[in-house]
Amino acid sequence: MEPPLLVSDGELCWVRTEIRRGPDLVDGSGWIAEFQKRCREAPALSGRARLLRQTVSEGDNPQFWSKAGDTPLPLRNEVLKVMQKEKGQPGSRAKLATGQDVIFWFNVGPPGEPRNRVYVTDARCPHQGVCLLEGELKDIEDVAGTRRGMVRCPRHNKTFDIQSGQSPGNSEELRVYPCRFEHGHWYVGVSGRESEAAQAVDVEMPAAEEPEQKRQRIGSEVIAATPAQGRPRILVHHATIA
C-alpha cells in the first residue's frame, strides 16, 4: 500500500517526499571534507597565492571578514564547479506536492543522532533566487562553541544557517521547514493553507456529462441546438428518389 501523500496533525500538514533512507541523502560532512581538501590543493596547482583577508559579501553592506589564510572566494567557486561535476552537489533536492522546491541537508551542524541531523530549506537564495545546491556547504563553530551548518550562495557569498535560516548581518532569511521520518519516507511540514494545492491534486473530479442536444423539426430541416457553439446548427436532409 502506498504511503499517504499528506498527513495532518492539526497544526501542520506533512507532505511526503521521495527522499527515503541514507542513500537518498548526501553526507554533508564527507562533502565538506572533500571540498576543503580540494581547496588546499588548488592554490598549489594554479600557482596562486592565498588571500590574507577578504570580504564575504562583496558589494553588500555590512561586510564580514573571513579568516586569514582562507582560500580566496573566486577560487573556492571554481573548485565548487569542478567538484559538483565530479562528486555531486552537497544536498538532495525535492519538489513538494504543494509546490515548494526544497533541499535536504544531512550530517552537518550540531552533533547527534543521524536522524536529528537532517535539515530542510528552500532551494533558492532569498536574495536573487540562485539555487543553493550550487553553493558551498560549511560546518562552522561560533564564538559560543556551537557547531552550525551553513550554506554560502556562490553569487554574492551570503551565508545562511540551514537550521534557523538566519544570515549573519543580513536581513534576508532562508525559509526552513520541519521534517520527520515516517511510513518509510521523509515528510516536510507546511501550513494547512499550503497543503490545499496537494489536496486538490488528490481529488478525482468526475467527468462532465455531455449535455443532451435539443432538436426541433421544422419541415424537412432539423435544428440542433449546440451549447458549445452558442447558436443553432442547421442540418439539412436531402430526399433521395429511387
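- Per an unreviewed UniProt entry, the recorded name for the protein chain is Rieske domain-containing protein, and the organism is Polarella glacialis.
- Annotation of the protein chain in UniProt includes, under Cofactor (unreviewed entry), the sentence "[2Fe-2S] cluster".

1. Here's the deal with the overall build of the protein chain
Part 1 of the reasoning: Summing up its helical and strand segments, the protein chain has 3 helices and 14 strands in all.
Part 2 of the reasoning: Among the 242 residues that make up the protein chain, the fraction classed as buried is 39%.
Part 3 of the reasoning: Partitioning the intrachain contacts of the protein chain with sequence separation of at least 6 by distance along the chain shows that 52% fall at a separation of at least 24.
Part 4 of the reasoning: Summed over its atoms, the accessible surface of the protein chain is roughly 14,900 Å², and 50% of this surface lies on carbon and sulfur atoms.

2. Brief notes about the nonpolar core
Part 1 of the reasoning: Ranked by internal contacts, the top residues of the largest apolar core, which has 25 residues, are Trp31, Phe35, Ile103, Trp105, Leu132, Val151 and Ile162.
Part 2 of the reasoning: Elements represented by at least two residues in this core include exactly α1 (28-46), α2 (73-87) and β4 (101-106).
Part 3 of the reasoning: Counting 18 residues, the second-largest nonpolar core is a separate cluster that includes Ile19, Leu25, Val120 and Trp186.

3. With respect to unusual backbone geometry
Part 1 of the reasoning: For Asn107, which is not a glycine, the phi torsion comes out positive at approximately 60°.
Part 2 of the reasoning: Following the sequence through the fold, Asn107 ends up in the loop between β4 and β5 (118-122).
Part 3 of the reasoning: Positive phi is not limited to glycine here, since Asn157 has a value of about 65°.
Part 4 of the reasoning: Mapped onto the elements, Asn157 comes out in the loop between β7 (147-152) and β8 (159-161).
Part 5 of the reasoning: The class for Asn157 is buried, based on a relative accessible area of 5%.

4. A short note on the pattern of salt bridges
Part 1 of the reasoning: Across all of its chains, the model carries 17 salt bridges by this definition.
Part 2 of the reasoning: Glu2 is the partner of Arg16 in a salt bridge, and the nearest nitrogen-oxygen pair spans 3.2 Å. With a gap of 14 residues between them, Arg16 in strand β2 (residues 13-16) and Glu2 in the segment before β1 (6-8) connect regions that are remote in the sequence.
Part 3 of the reasoning: Looking at Glu2, the relative accessible area reads 60%, which means it is exposed.
Part 4 of the reasoning: Ionic contacts of the salt-bridge type, sharing partners, join the residues Glu2, Arg16, Glu18 and Arg20 into one network.

5. Overview of the sheet that holds β7
Part 1 of the reasoning: With respect to topology, 3 strands assemble into an open sheet ordered β6-β7-β8, the strand pairing being antiparallel. The sheet is open, and its two edges are formed by β6 (136-141) and β8, each paired on a single side. Ignoring which end each strand starts from, the neighbouring axes of this sheet average 35° apart.
Part 2 of the reasoning: Across the face of the sheet, α2 comes into contact with β6 and β7 while running at roughly 85° to β7.

6. A closer look at the side chain of Arg38
Part 1 of the reasoning: Along the chain, Arg38 turns up in helix α1.
Part 2 of the reasoning: Setting aside residues up to four positions removed in sequence, Arg38 forms contacts with Val79, Val82, Met83, Glu86 and Lys87.

7. Focus: the sheet that holds strand β11 (residues 185-190)
Part 1 of the reasoning: Reading across the sheet, the 4 strands line up as β1-β2-β11-β10 and stay open at both edges, with antiparallel pairing between neighbours. Looking along the sheet, the strands with just one partner apiece sit at the ends: β1 and β10 (179-182). Averaged over all pairs of adjacent strands, the angle between strand axes in this sheet comes to 30°, irrespective of strand direction.
Part 2 of the reasoning: Strand direction decides the pairing type here: β2 and β11, joined by 4 bridges, are antiparallel. From the neighbouring strand, Val15 faces β11, where its bridge partner is Val188.

8. Quick notes on the packing of aromatic side chains
Part 1 of the reasoning: Summed over the entire model, instances satisfying the criterion amount to 2 aromatic pairs.
Part 2 of the reasoning: Ring geometry for Trp31 against Phe35: centres 5.4 Å apart, planes inclined by 10°, an arrangement best described as stacked. Residue Trp31 and its partner Phe35 are located together in helix α1, separated by 4 residues, close to a single helical turn. Taken as a pair, Trp31 and Phe35 share a single burial class, namely buried.

Basis of the calculations
For every chain, the first residue of its written sequence is number 1, and the numbers climb from 1 along that sequence. Local features in this predicted model are restricted to residues whose pLDDT is 70 or higher, and side-chain atom pairs enter the listing and the counts only when it is 80 or higher, whereas totals over whole chains, interfaces and linings include all residues. Values shown for side chains rest on all heavy atoms present in the structure; no hydrogens or waters enter the calculation. UniProt positions are given in the numbering used here, feature names are shortened, and annotations may be inferred rather than shown by experiment. Numbered from the N terminus, helices here are DSSP runs of H or I no shorter than four residues, and strands are runs of E no shorter than two. Exposure is judged per residue with a 1.4 Å probe applied to protein chains only, and the accessible area is read against the type maximum: over 50% gives exposed, under 20% gives buried, and values in between give partly exposed. Should any heavy atoms of two residues lie within 4.5 Å, those residues are considered in contact. Accessible surface area values rest on a Shrake-Rupley calculation with a 1.4 Å probe, where residue burial reflects the displayed protein chains alone. As used here, the term nonpolar core means buried Ala, Val, Leu, Ile, Met, Phe, Trp, Tyr and Cys residues forming a set that is joined through side-chain atoms within 4.5 Å. For this document, the term salt bridge refers to a Lys or Arg side-chain nitrogen within 4 Å of an Asp or Glu carboxyl oxygen. Paired strands, in this sense, are two strands between which DSSP finds at least two bridges. Here, axes are lines fitted to C-alpha atoms. For helices the fit covers the stretch in contact, and angles between N-to-C directions go from 0 to 180 degrees. Put simply, two rings from Phe, Tyr or Trp (the six-membered ring, in Trp's case) pair if the centres are within 6.5 Å, and we call them stacked under 30 degrees between planes, edge-to-face over 60, tilted for the rest.

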